[in-house]
Amino acid sequence: MTAQTTAWTVAPEPVGSFDAAALWRAYYTEVSDRWYLFHEGSRTDPDELEREIAAGAEGGLTPPGGRLLVARYGGAPAGTAGVRRTADPAVAELTRVFVRPELRGRGGAALLVAAAEETARALGARRLILDTRGDLREARALYARLGYAETPPHNDEPYAEHWFAKDLVGPAAT
(Lines give C-alpha, C1' and ligand atoms only; values in the text may rest on other atoms or scores of the structure.)
Protein backbone atom coordinates (compact mmCIF):
# COMPACT_ATOMS: atom_id res chain seq x y z
CA MET A 1 0.00 0.00 0.00
CA THR A 2 2.72 2.47 -0.89
CA ALA A 3 1.99 5.03 -3.60
CA GLN A 4 4.77 7.00 -5.23
CA THR A 5 5.65 9.62 -7.82
CA THR A 6 9.03 11.19 -8.44
CA ALA A 7 8.95 13.53 -5.42
CA TRP A 8 6.01 12.08 -3.46
CA THR A 9 5.68 8.88 -1.47
CA VAL A 10 2.69 7.76 0.59
CA ALA A 11 2.79 4.96 3.13
CA PRO A 12 0.98 3.86 6.31
CA GLU A 13 2.43 5.26 9.51
CA PRO A 14 1.58 4.88 13.20
CA VAL A 15 -0.63 7.71 14.47
CA GLY A 16 1.78 8.31 17.35
CA SER A 17 4.92 8.74 15.27
CA PHE A 18 6.70 12.08 15.53
CA ASP A 19 5.91 13.00 11.91
CA ALA A 20 2.26 11.92 12.14
CA ALA A 21 1.80 13.93 15.34
CA ALA A 22 3.37 17.03 13.78
CA LEU A 23 1.14 16.74 10.70
CA TRP A 24 -1.97 16.22 12.90
CA ARG A 25 -1.07 19.40 14.79
CA ALA A 26 -0.61 21.34 11.54
CA TYR A 27 -3.88 19.99 10.09
CA TYR A 28 -5.96 20.60 13.19
CA THR A 29 -4.50 24.08 13.75
CA GLU A 30 -5.30 25.09 10.17
CA VAL A 31 -8.89 23.83 10.10
CA SER A 32 -9.65 25.12 13.59
CA ASP A 33 -8.17 28.55 12.89
CA ARG A 34 -10.05 28.76 9.60
CA TRP A 35 -13.33 28.03 11.39
CA TYR A 36 -12.68 30.52 14.18
CA LEU A 37 -11.47 33.24 11.80
CA PHE A 38 -14.55 32.77 9.61
CA HIS A 39 -17.09 32.60 12.45
CA GLU A 40 -15.55 34.64 15.25
CA GLY A 41 -12.82 36.77 13.67
CA SER A 42 -9.98 35.36 15.76
CA ARG A 43 -7.74 32.32 15.87
CA THR A 44 -8.42 29.31 18.09
CA ASP A 45 -7.78 29.84 21.79
CA PRO A 46 -4.37 28.13 22.39
CA ASP A 47 -5.62 26.15 25.41
CA GLU A 48 -8.63 24.85 23.47
CA LEU A 49 -6.37 23.99 20.54
CA GLU A 50 -4.07 21.92 22.76
CA ARG A 51 -7.01 20.07 24.36
CA GLU A 52 -8.57 19.22 21.00
CA ILE A 53 -5.28 18.13 19.42
CA ALA A 54 -4.66 15.76 22.33
CA ALA A 55 -8.25 14.48 22.37
CA GLY A 56 -8.40 13.67 18.67
CA ALA A 57 -4.94 12.31 18.00
CA GLU A 58 -5.88 8.65 17.43
CA GLY A 59 -9.11 9.32 15.53
CA GLY A 60 -9.90 5.65 14.84
CA LEU A 61 -6.91 5.42 12.52
CA THR A 62 -5.10 2.52 14.17
CA PRO A 63 -5.21 -1.05 12.87
CA PRO A 64 -7.18 -3.16 12.53
CA GLY A 65 -10.04 -0.68 12.01
CA GLY A 66 -8.17 2.16 10.41
CA ARG A 67 -4.96 3.42 8.88
CA LEU A 68 -3.14 6.71 8.78
CA LEU A 69 -1.26 7.45 5.59
CA VAL A 70 1.61 9.94 5.58
CA ALA A 71 2.80 11.61 2.40
CA ARG A 72 6.39 12.71 2.08
CA TYR A 73 7.68 15.15 -0.48
CA GLY A 74 11.37 14.74 -1.19
CA GLY A 75 11.50 12.60 1.96
CA ALA A 76 10.03 15.25 4.29
CA PRO A 77 6.61 14.81 5.95
CA ALA A 78 4.12 16.69 3.79
CA GLY A 79 0.57 15.46 4.34
CA THR A 80 -1.87 12.89 5.65
CA ALA A 81 -5.04 10.99 4.89
CA GLY A 82 -6.88 8.65 7.20
CA VAL A 83 -9.22 5.74 6.52
CA ARG A 84 -11.39 4.11 9.15
CA ARG A 85 -14.04 1.42 9.05
CA THR A 86 -17.66 2.29 9.75
CA ALA A 87 -20.38 0.12 11.27
CA ASP A 88 -21.09 -1.13 7.74
CA PRO A 89 -18.16 -3.36 6.70
CA ALA A 90 -18.65 -2.36 3.05
CA VAL A 91 -18.14 1.33 3.86
CA ALA A 92 -15.04 3.18 5.08
CA GLU A 93 -14.60 6.84 5.94
CA LEU A 94 -11.95 9.17 4.54
CA THR A 95 -10.66 11.75 7.00
CA ARG A 96 -7.75 14.12 7.68
CA VAL A 97 -6.80 14.79 4.07
CA PHE A 98 -4.13 17.45 4.47
CA VAL A 99 -1.13 18.74 2.56
CA ARG A 100 1.18 21.38 4.01
CA PRO A 101 0.26 24.74 2.46
CA GLU A 102 3.64 25.30 0.82
CA LEU A 103 3.32 21.99 -1.07
CA ARG A 104 -0.23 22.35 -2.35
CA GLY A 105 -0.81 22.26 -6.08
CA ARG A 106 1.87 19.60 -6.65
CA GLY A 107 -0.39 16.54 -6.81
CA GLY A 108 0.01 15.35 -3.23
CA ALA A 109 -3.67 15.50 -2.26
CA ALA A 110 -4.79 13.41 -5.24
CA LEU A 111 -2.03 10.88 -4.50
CA LEU A 112 -3.12 10.71 -0.83
CA VAL A 113 -6.77 10.17 -1.76
CA ALA A 114 -5.82 7.44 -4.26
CA ALA A 115 -3.75 5.70 -1.57
CA ALA A 116 -6.66 6.06 0.87
CA GLU A 117 -9.00 4.44 -1.65
CA GLU A 118 -6.57 1.53 -2.03
CA THR A 119 -6.37 1.26 1.77
CA ALA A 120 -10.18 1.26 2.06
CA ARG A 121 -10.37 -1.57 -0.48
CA ALA A 122 -7.78 -3.52 1.53
CA LEU A 123 -10.01 -3.05 4.60
CA GLY A 124 -12.88 -4.61 2.63
CA ALA A 125 -14.76 -1.41 1.76
CA ARG A 126 -16.62 -0.97 -1.50
CA ARG A 127 -17.63 2.62 -0.76
CA LEU A 128 -15.73 5.54 0.75
CA ILE A 129 -17.59 8.37 2.49
CA LEU A 130 -16.46 11.67 3.99
CA ASP A 131 -17.74 14.91 5.39
CA THR A 132 -16.32 18.40 5.23
CA ARG A 133 -17.22 21.98 6.03
CA GLY A 134 -18.59 24.68 3.77
CA ASP A 135 -15.60 26.96 4.24
CA LEU A 136 -13.20 24.25 3.01
CA ARG A 137 -13.96 25.02 -0.64
CA GLU A 138 -10.66 23.61 -1.88
CA ALA A 139 -11.42 20.26 -0.27
CA ARG A 140 -14.88 20.12 -1.82
CA ALA A 141 -13.42 20.92 -5.25
CA LEU A 142 -10.77 18.21 -4.83
CA TYR A 143 -13.31 15.55 -3.91
CA ALA A 144 -15.57 16.46 -6.83
CA ARG A 145 -12.60 16.39 -9.22
CA LEU A 146 -11.65 12.92 -7.93
CA GLY A 147 -15.11 11.47 -8.56
CA TYR A 148 -16.81 11.93 -5.20
CA ALA A 149 -20.47 12.90 -5.34
CA GLU A 150 -22.31 14.98 -2.76
CA THR A 151 -24.81 12.89 -0.80
CA PRO A 152 -27.40 13.42 1.90
CA PRO A 153 -25.90 13.57 5.42
CA HIS A 154 -24.52 10.28 6.72
CA ASN A 155 -23.70 11.62 10.20
CA ASP A 156 -24.59 14.43 12.54
CA GLU A 157 -21.10 15.70 13.29
CA PRO A 158 -21.29 19.31 14.50
CA TYR A 159 -18.94 20.74 11.84
CA ALA A 160 -20.08 18.58 8.91
CA GLU A 161 -21.88 20.63 6.26
CA HIS A 162 -21.18 18.64 3.09
CA TRP A 163 -21.13 14.86 2.67
CA PHE A 164 -19.54 12.94 -0.19
CA ALA A 165 -19.23 9.33 -1.29
CA LYS A 166 -17.48 7.31 -3.97
CA ASP A 167 -17.99 3.70 -4.97
CA LEU A 168 -14.68 1.84 -5.03
CA VAL A 169 -14.65 -0.39 -8.08
CA GLY A 170 -11.49 -2.07 -9.32
CA PRO A 171 -7.93 -0.91 -8.61
CA ALA A 172 -7.16 2.59 -7.38
CA ALA A 173 -6.86 5.27 -10.03
CA THR A 174 -3.39 6.62 -10.58
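Up top is the structure these notes are about.
Structure report, in brief.

Rules and cut-offs
Residues numbered from 1 in each chain as written. Predicted model: local features only at pLDDT ≥ 70, side-chain atom pairs only at ≥ 80, totals over all residues. Heavy atoms only, no water. Buried < 20%, exposed > 50% of the residue type's maximum accessible area, 1.4 Å probe, protein only. Helix = DSSP H or I, 4+ residues; strand = E, 2+ residues; numbered from the N terminus. Arc of directions from axis to C-beta. Contact = heavy atoms within 4.5 Å. Polar contact = N/O pair within 3.5 Å; in protein donor to acceptor, adjacent residues only side chain to side chain. Axes fitted to C-alpha atoms, helices over the stretch in contact; angles between N-to-C directions. Parallel < 35°, antiparallel > 145°, perpendicular 65-115°, else oblique. Left-handed = near helix turned anticlockwise from the far one by under 90°. Nonpolar A, V, L, I, M, F, W, Y, C, P; charged D, E, K, R; others polar. Pairing = 2+ DSSP bridges. Core = buried A, V, L, I, M, F, W, Y, C linked by side-chain atoms within 4.5 Å. Phe/Tyr/Trp six-rings, centres within 6.5 Å; stacked < 30°, edge-to-face > 60°.

**Description of helix 4 (residues 137-145)**
Here is step 1: Those residues of helix 4 lying buried are Ala139, Leu142 and Tyr143. The arc enclosing the buried residues of helix 4, seen along the axis, measures out at 95 degrees, which places them on a common side. Facing away from the buried side of helix 4, by more than 90 degrees, are the exposed residues Arg137, Glu138 and Arg145.
Here is step 2: In the core, the buried residues of helix 4 are packed alongside strand 5 (91-99), helix 3 (108-122), strand 6 (127-132) and strand 8 (162-167).
Here is step 3: Of the residues flanking the end of helix 4, it is Gly147, one or two places downstream, whose phi is positive at about 95 degrees.

**Comments concerning the side chain of Lys166**
Here is step 1: You can see Lys166 is positioned in strand 8.
Here is step 2: Residue Lys166 is classed as buried on the basis of its relative accessible area, which comes to 17%.
Here is step 3: Of note is the side chain of Lys166, whose polar atom sits 2.8 Å from the backbone oxygen of Leu146.
Here is step 4: Once residues within four sequence positions are removed from consideration, Lys166 is found in contact with Glu117, Arg126, Arg127, Leu128, Leu146, Gly147 and Tyr148.

**Notes on the packing of helix 1 (residues 18-40) against helix 2 (residues 46-55)**
Here is step 1: In the contact formed by helix 1 and helix 2, the axes pass within 10 Å of each other and the chain directions differ by 130 degrees. Considering the angle they form, helix 1 stands oblique to helix 2. The interaxial crossing formed by helix 1 with helix 2 has right-handed handedness. Counting all contacts with helix 1, which are made through Trp24, Arg25, Tyr28, Thr29, Ser32 and Tyr36, the residues of helix 2 involved are Glu48, Leu49, Glu50, Glu52 and Ile53.
Here is step 2: Grouping the constituent residues of the contact of helix 1 with helix 2 by class yields five nonpolar, two polar and four charged.

**Things to note about the pairing of strand 8**
Here is step 1: Burial analysis of strand 8 places five of its six residues in the buried class, which makes it a mostly covered element.
Here is step 2: Relative to strand 8, strand 6 runs antiparallel, the two sharing six bridges. In the sheet register, Leu128 faces strand 8, and the bridge partner there is Lys166.
Here is step 3: The pairing of strand 7 (residues 149-151) with strand 8 spans three bridges and is antiparallel. Looking across to strand 8, one finds that Ala149 is bridged to Ala165.

**Looking at the nonpolar core**
Nonpolar side chains in soluble globular proteins generally cluster together in the buried interior.
Here is step 1: Within the largest apolar cluster, 43 residues are counted, with the highest numbers of intra-cluster contacts made by Leu94, Val113, Leu128, Tyr143 and Tyr148.
Here is step 2: What Tyr148 contacts, discounting residues up to four positions off in sequence, is Leu94, Val113, Glu117, Leu128, Leu130, Tyr143, Phe164, Ala165 and Lys166.

**Some thoughts on the environment of Val99**
Here is step 1: Relative to the elements of secondary structure, Val99 occurs in strand 5.
Here is step 2: In the structure, Val99 is positioned 16 residues away from Ala115 in sequence and 14 Å away in space, judged by C-alpha atoms.
Here is step 3: Not counting residues within four places of it along the chain, the set of residues in contact with Val99 comprises Trp8, Ala78, Gly79, Arg104, Gly108, Ala109 and Leu112.

**Describing the side chain of Thr95**
Here is step 1: With respect to the helices and strands, the residue Thr95 is situated in strand 5.
Here is step 2: Non-local contacts of Thr95, meaning those with residues more than four positions away in its chain, are made with Leu61, Ala81, Gly82 and Arg84.

**As for the packing of aromatic side chains**
Here is step 1: Summed over the entire model, instances satisfying the criterion amount to eight aromatic pairs.
Here is step 2: Aromatic side chains Trp8 and Tyr73 sit 4.8 Å apart centroid to centroid with 65 degrees between the ring planes, which places their arrangement in the edge-to-face category. Separated by 65 residues along the polypeptide, Trp8 in strand 2 (residues 8-12) and Tyr73 in strand 3 (residues 66-73) bring together distant segments of the chain.
Here is step 3: Overall, the relative accessible area of 26% leaves Tyr73 in the partly exposed class.

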